[in-house]
Structure formats: C-alpha cells, structure tokens
Amino acid sequence: MAFTVNEINREQKLLPNATLGFHLYDTCLSIERLLKGSMWMLTGKQEPTPNYRCRSQPPLSAIVGDSTSTRSIPMARLLGLSRQPQVSYYATSPLLSDKLQFPSFFRTIPSQRTHALGIAQFFLYYMKNVRFKNRFGDDISFDSNGDPPALYTIFNLQVGAGGAPHSVIVGSFDVEAPAGQQLHVNQSAIRWNMQKTEVPHSACSESCAPGYRKAVQNGRPTCCFDCILCAEGEISNETDSENCFRCLDDQWPNEKRTACVPKVIEYLSYQEPLGVALSAIVTFSSFLTTAIWITFFKNRHTPVVKANNRELSYLLLGGILLCFLCCLLFIGEPQEITCLWRQPAFGVLFIFCVSCVLSKTIMVVIAFNATKPSSNMRKWLGPRVPMVTVSGCTFLQVLICAIWLLNCPPFPEKNMKLRTGIIIFQCNECSKTAFWCMLGGMGVLACASFVVAFLARKLPDNFNEAKWITFSMLVFLSVWLSFIPGYLSTQGKHMVAVEVFGILSSSAGLLTCIFFPKCFIIILRPEMNTRRHLFGKGDRKTQKMKAI
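Basis of the calculations
- Residues numbered from 1 in each chain as written.
- Predicted model: local features only at pLDDT ≥ 70, side-chain atom pairs only at ≥ 80, totals over all residues.
- Heavy atoms only, no water.
- Axes fitted to C-alpha atoms, helices over the stretch in contact; angles between N-to-C directions.
- Helix = DSSP H or I, 4+ residues; strand = E, 2+ residues; numbered from the N terminus.
- Parallel < 35°, antiparallel > 145°, perpendicular 65-115°, else oblique.
- Left-handed = near helix turned anticlockwise from the far one by under 90°.
- Contact = heavy atoms within 4.5 Å.
- Nonpolar A, V, L, I, M, F, W, Y, C, P; charged D, E, K, R; others polar.
- Pairing = 2+ DSSP bridges.
- Phe/Tyr/Trp six-rings, centres within 6.5 Å; stacked < 30°, edge-to-face > 60°.
- Lys NZ or Arg CZ within 6 Å of the ring centre and 35° of its normal.
- Disulfide = S-S within 2.5 Å.
- Patch = residues over 30% accessible without salt bridge, like charges linked within 9 Å, V, L, I, M, F, W, Y side chains within 5 Å.
- Areas by Shrake-Rupley, 256 points an atom, 1.4 Å probe, with all protein chains shown as cover.
- Salt bridge = Lys/Arg side-chain N within 4 Å of Asp/Glu carboxyl O.
- Buried < 20%, exposed > 50% of the residue type's maximum accessible area, 1.4 Å probe, protein only.
- Core = buried A, V, L, I, M, F, W, Y, C linked by side-chain atoms within 4.5 Å.

**Side note on the packing of helix H6 (residues 273-298) against helix H8 (residues 310-326)**
Two elements in contact, H6 and H8, have axes separated by 9 Å at closest approach and are oriented at 165°. With respect to H8, the axis of H6 lies roughly antiparallel. As for how H6 packs across H8, the hand of that crossing is left-handed. The segment H6 lies against H8, with Val282, Ser285, Ser286, Thr289, Thr290, Ile292, Trp293, Phe296 and Phe297 engaging Ser313, Tyr314, Leu317, Gly318, Ile320, Leu321, Phe324 and Leu325. Its residues assigned to classes, the contact of H6 with H8 comprises 11 nonpolar, 6 polar and no charged.

Dropping the structure here:
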C-alpha cells in the first residue's frame, strides 16, 4: 500500500495537484479486530465511540476492505451506517488476480502486484478516458468506467516432478489486440486431470448426439444416462437433449432424426417407371383396338365380319377402346374431376362390354335353335334382343353409379397416417358399399355370360363364337377374382396400379379371345373368308348359318 501510494504521488501525470495519504490497520484475520479497526477509522480514537467523529484530519475519502467476503461484508454493513464509501478491490475489479499482468511501474516489487494494482485502480477510478505513458514508457489508459484494458495471462495448475503444484502459463487474452488475435491458448501446454494432454471425458456417460435423448439411469448420478434414439416422428436437434419433439403432420424426421423434412407425396405418376409402363400399354392397346375396329369396318361385307352380329362387334370394340382409355383417369395426380368419374366410368364401360358379349352369346344360341322344326325362336332373331340386353344391363349399372355419386361422391385426399413418413395422395371412394356393388354387378353379368357361352361352346359352325367367348369370360373372371385379394392387400399407388392392371388384362382378354381369330382369317387367311367356307359341306350347317 505504501509503495503504491508513493508511486502515485511521485507520478505527477496521474493525480496532478493532489497528494494521497492513508492509514493502515491489520485485521489479523479476525472479524472482531476488523470491526474495531473500522470504528477507529470512523471516530479517529483508540476507544471507538459510535456516531462520533473525533479525528483532526479530514475524513477518509474511502476505505479499502478485506479481500474476502466473510470479513468485507460485515465491514461494509458497519461503514454503510455512517455513509462511508465499502470498496473491496477484489470484489469490484476484474483485473485483481495473481494471474494478471500489470503496468511496469508495479513490477519492481512482484510480491505486491495484486495489492498495488487494486489500490491504484481504486484511486484512479474517477479518471475517465485517460491515456498516458509512465516513466518507464508503458502506455497507461482507462475506459469510461475507470478500468484499464483487459490484459489476462492464462495459467494452468500442474503437478511438478516433486508432486508440488505450480502454475504454468498456457495463454493470454489482450482486448487491445487485433480482431481474431485477442485470445491465444497453447493447447499442447495444458495438462488435464492425471496430467493428460487429452481433454477429459465424463467418467460415466458420453454426450448424446442430436437425434437422441437422455434417459437417466435409476439409482445412479445425474451424469449417468443412456442415449435413446428418438421415436418415429420425433427429432432432437441439440446435444444432450432431454426430450424429443414431434414433427408436424405433413413432416417427417430425416434419417438421423435431427430435423423435420417434408413427407414424400406418393401417387401413381406419369413420371415414374410404373406409371410410364402402364401409360405405354394403354396407348398401344388403344391403337391396336382402333386398328381392329378399322379392319372390321373395311371388311364389314365379308362373311367373317357379318357372322355373329357385326353391329355388336362394333359396339364391343368401341367399349373395349374406352375401357383402355379410362385407365388414364387412374394415372397422375388425383383431381376432383378424375376422382369423381374414374370408377363410375370403369364400371359402366365394363358392364357395357360384358353385356355385348352376353348378347352375342345369346344370339348364337337363338340362331342355332331357330333352325329346329316347330321352333318359335325365329321371332327373336334381329337387333331387338341385343339392344334390350345391352341397354338394360348398362342402365342398371348407370343407376348404381348415379346413386353413388349423388349420395357420397369420391374426392381426392392426402392420407398422412396410412404409411409411415409418406403422404398418400389418393381418391377416397367415399362409399365402399357402392364400389363393391358396382363390381358385384359386373361379376354377376360376367358369370351369366360365361355360363351361356360354355353351354353353347359345342354348337357346330366354322364361325361359332361361343367357344371364344367362353375363353374370354374365363380370362375376365380369373383376372377379377385375383384382383380382389390383390386390391385389398395393397395401399397407395400400388392399389391403383392393381386396378389399372385388372382393367388392362380383362380388356385385353376380350380383345384377344373374341377378335384375334377373326383378324387372323381376314388378314392372313383371306381364302377362308368366303361363303363357301362359311357354309361348309353339310346342309345343316348351311341352314344354321343362313339363320344367323
């Protein structure tokens, strides 16, 4: 203290026209002596007299207290009663430590650096924004708070060869250094617990990475925990997170479960391989059906086309073409219009096709039975039976679909719960009952056509279609019987793909079994497309074909 005060008084630039004085009292580490000394400084007498000041000198400007709070706080409370200024330089200054560097005029007595700097700072507290050079040439400055620039030396407590601890300089901090160079630490010089150079880890558990949460181990300290992966739909984006957080409904955790990302939207798209393949099949089948229709129309006066009611053949080819094209309503992003019409269009068109097949079969049976003696079946020959059959069956299916659309029309929806991490963009059929009633009507009609065609398959004639209709209905029923379990066991775009495949397969079965044999004769075996070959050698065959 004496050294510091003398240095300040001698340095005229510090406190010009002012001289500092001081009184020193030793607390001897005793609170009782500390309180007595405080009273001595207040009253100026050896015997303290509370509430009186008996000293002849001017009152003290301030009192520098003890370095520890145990003794400085009682002292501060006592001095506060007399409104005397309670400076404890250890408590008020960030620069008071053995680990600091000090201006050069304090370096002559190293053992007194801490006390000297604290006292100097206390006396210079009211000097604002001062900068000067001391007699040793060092720059001395203070900020607006009266504090000198922060200049720290970083020490690391290490154990020496003899087992005694000692401090080793491992770095420094200089607030006046250029940006980015203020802090310097020599990592290799640091010695951690057990004098190791590696940074020590927790003695119990490692930190939990993002994507995991901490689960405390029962009966063990809080630093002992297990790292548990966040549950499905949850993330954690911080280290040592205690909880995981659930993503929004339209989001899903990434692979590491550290962030929420938008869910994948799934539907049968034109851009994916499955959608492209189905679209290509639809396009090819449509062109093929159109080509067959044109071939039949150009050869409409030939015996092969005229046999077994060519008007029904035209209608059936048109219905098959529309069945192929209606598959396009199932591919692509679901829209209100496509969801509304795709199932009714499919159901009505297929009923129309199957009723055409049924009408052709009935006409085969009527034609062969009309030639029998005393048969009254001749009056049923002509377009009336096919027209009634096709119109009646189609009307019933239209009625079912109309009731369906009026009461509970299908609509597009984004199903976020059906599959984990995926939004299924689909058409909600709204009424499963109406959907299965539509398929049920189609199945009943197909079974009836199959039975009639099966019974007429052995009727004699070169152009008898009954056996080919039997094959087509067998293919048709096989496809849709296998469709039911496949449709019920799939979800999302695969369910749609199963239905599209069913439509394509059954339509192709009708086209192949009924029309390919005739196209073979028209294109590759024209010599068979004659009345002579049509009538054959027997009179019975001639009469039957004339009736047709």
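Structure shown, so let's carry the discussion forward.
**Some thoughts on the sheet that holds strand E13 (residues 411-419)**
The strand order across the open sheet built from 3 strands is E12-E14-E13, with neighbouring strands paired in mixed fashion. Of all strands in the sheet, those with a lone pairing partner are strand E12 (264-266) and E13, marking the two edges. Between one strand axis and the next, the sheet turns by 35° as a mean value, whatever way the strands run. Strand direction decides the pairing type here: E12 and strand E14 (residues 422-428), joined by 3 bridges, are parallel.

**Quick look at the sheet that holds strand E5 (residues 183-185)**
Strand order across the open sheet formed by 3 strands is E3-E4-E5, with antiparallel pairing between neighbours. Every other strand in the sheet has two partners, leaving strand E3 (151-159) and E5 as the edge strands with one partner each. Strand after strand, the sheet turns through a mean of 30° between neighbouring axes, direction not considered. Bridging between E3 and strand E4 (residues 165-174) involves 9 bridges; their strand directions are antiparallel. Considered in E4, the bridge of phenylalanine 155 is made with isoleucine 169.

**Some details on the packing of aromatic side chains**
Taken as a whole and assessed by the stated rule, the structure comprises 14 aromatic pairs. Ring centres of phenylalanine 297 and tyrosine 314 lie 6.3 Å apart, and the angle between their planes is 55°; this geometry places the pair in the tilted category. Of this pair, phenylalanine 297 sits in helix H6 while tyrosine 314 sits in helix H8, and the two are 17 residues apart along the sequence. Members of the aromatic cluster, connected to one another through ring pairs, are Trp404, Phe435, Trp436, Phe483 and Tyr487. Positioned above the aromatic ring of phenylalanine 225 is the side chain of lysine 214, whose terminal nitrogen or guanidinium carbon lies 4.6 Å from the ring centre. Geometry around phenylalanine 425 places lysine 414 over its ring, the cationic atom sitting 5.4 Å from the centre.

**A word on the environment of proline 409**
Mapping proline 409 onto the fold places it in the loop between helix H10 (384-407) and E13. C-alpha of proline 409 to C-alpha of glutamate 336: the two residues are 73 residues apart in sequence and 9.8 Å apart in space. Apart from the residues within four sequence positions on either side, proline 409 is in contact with Leu340, Trp404 and Cys430.

**Considering unusual backbone geometry**
For cysteine 28, which is not glycine, the phi torsion reads 55° and is therefore positive. Of note, cysteine 28 is situated in the loop between helix H1 (2-10) and helix H2 (31-43). Despite not being glycine, cysteine 430 has its phi angle at roughly 70°, a positive value. Mapped onto the elements, cysteine 430 comes out in the loop between E14 and helix H11 (432-455).

**Comments concerning the state of the cysteines**
This model, assessed by the stated rule, comprises 6 disulfides. Linked covalently through their sulfurs, cysteine 247 and cysteine 260 form a disulfide whose S-S length is 1.9 Å. The sign of the S-S torsion, about -85°, decides the handedness of the disulfide formed by cysteine 247 and cysteine 260: left-handed. Remark: cysteine 260 occurs in strand E11 (residues 260-262) and cysteine 247 occurs in the loop between strand E9 (245-246) and strand E10 (251-253); sequence separation between them is 13 residues. Cysteine 408 shares a disulfide with cysteine 430; S-S distance 1.4 Å. Every disulfide takes its handedness from the sign of the S-S torsion; for cysteine 408 and cysteine 430 that torsion is -65°, giving left-handed. A residue pair is termed long-range when its members are at least 10 positions apart, and cysteine 408 in the loop between H10 and E13 and cysteine 430 in the loop between E14 and H11 qualify at 22 residues. Regarding the disulfides, the protein chain carries the connectivity 1-3, 2-4, 5-6, 7-8, 9-11, 10-12 under sequence-order numbering of its bonded cysteines.

**Some thoughts on a nonpolar patch on the surface**
A contiguous nonpolar patch, built from Tyr270, Leu322, Leu325 and Leu328 and spanning about 320 Å² of accessible area, is present on the exposed surface. When you line up the elements, leucine 328 lands in the loop between H8 and helix H9 (336-370).

**Digging into the pattern of salt bridges**
Taken as a whole and assessed by the stated rule, the structure comprises 7 salt bridges. We note a salt bridge from glutamate 32 to lysine 36, for which the minimum N-O separation is 3.7 Å. Of the two residues, glutamate 32 and lysine 36 both sit in helix H2, 4 residues apart, roughly one turn of that helix. Owing to a relative accessible area of 54%, glutamate 32 belongs among the exposed residues under this scheme.

**Examining the nonpolar core**
Among the nonpolar cores identified, the biggest contains 61 residues, and Phe296, Phe346, Trp480 and Phe515 are the most heavily contacted of them. Of all the secondary-structure elements, those providing two or more residues to this core are H6, helix H7 (303-306), H8, H9, H10, H11, helix H12 (466-488) and helix H13 (492-523). Setting aside anything within four residues of it in sequence, one finds phenylalanine 346 in contact with Cys326, Phe330, Met438, Leu439, Met442, Trp480, Glu499 and Ile503. If you look at the next biggest cluster of nonpolar residues, it comprises 7 residues, including Leu34, Met41, Met75 and Leu79.

Interpretation in functional terms is not warranted from these geometric data alone.
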